[in-house]
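# Structure assessment
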Amino acid sequence: MTVQTSASRPAGKSVGAASVGVLLTLVIFAVVFLAFLIAPLLALLLAFVAYTVMRPRAHSTTSSGPGSPAGSGQAASGFGAGAQ
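Described in the following lines is the structure provided in the data block.

A separate point is the overall build of the chain. Helices and strands together make up the secondary structure of the chain, namely 1 helix and 0 strands. Per-residue burial for the chain yields a buried fraction of 1% across its 84 residues.

Now the structure itself:
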């Protein structure tokens, strides 16, 4: 008659290895979560920078507004000219 002295299941991880695995999982989760939060903000920032770089510069010698002809002597006409 033989007696089996080994454990019925193999030994698991040590407490240190398990805690390192939990910490690593939490770090990976935090990095991915923050990346999904920050990526849209970075895309909006890049779009704003591209907009400010690509838009034409406004000069002070042009008309002072869409409804005023800026001293050209002509009456404004058409859409947005107002009641004149």
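Back to the text.
Turning next to the packing of aromatic side chains. Counted under the stated rule, the structure contains 1 aromatic pair. Ring centres 5.7 Å apart and planes at 20° place the aromatic pair phenylalanine 29 and phenylalanine 33 in the stacked group. Placement of the pair is phenylalanine 29 and phenylalanine 33 together in helix α1 (residues 15–54), with a separation of 4 residues, close to one helical turn. Note on phenylalanine 33: relative accessible area 45%, which makes it partly exposed.

Below, the discussion takes up α1. Note that an α-helix has 3.6 residues per turn; residues three or four places apart therefore point the same way. Helix length check: α1, at 40 residues, gives a terminal C-alpha distance of 57 Å against a target of 58 Å (1.5 Å per residue), a fit within 8%. A maximum bend of about 30° is found in α1 at isoleucine 38, where proline proline 40 lies one to four positions downstream.

Cut-offs applied
- Note that residues are indexed from 1 along each chain, following the sequence as it is written.
- Only residues with pLDDT of at least 70 get local features here, since the model is predicted, and only at 80 or more are side-chain atom pairs given and counted; chain-wide, interface and lining totals rely on the full set of residues.
- Computation of side-chain values: all heavy atoms of the structure, hydrogens and water removed.
- Here a helix means four or more residues in a row that DSSP labels H or I, a strand means two or more in a row labelled E, and each is numbered from the N terminus.
- Between buried and exposed lies partly exposed: a residue is buried under 20% and exposed over 50% of the maximum accessible area for its type, with that area taken using a 1.4 Å probe on protein chains only.
- A pair of Phe, Tyr and Trp rings is counted when the ring centres sit within 6.5 Å of each other, with Trp represented by its six-membered ring. The angle between the planes then sorts it: under 30 degrees is stacked, over 60 is edge-to-face, the rest tilted.
- Multiplying 1.5 Å by the residue count of a helix minus one yields the expected span of that helix.
- The seven residues ending at a residue and the seven starting there each receive a fitted axis; the angle between those axes is the bend at that residue.

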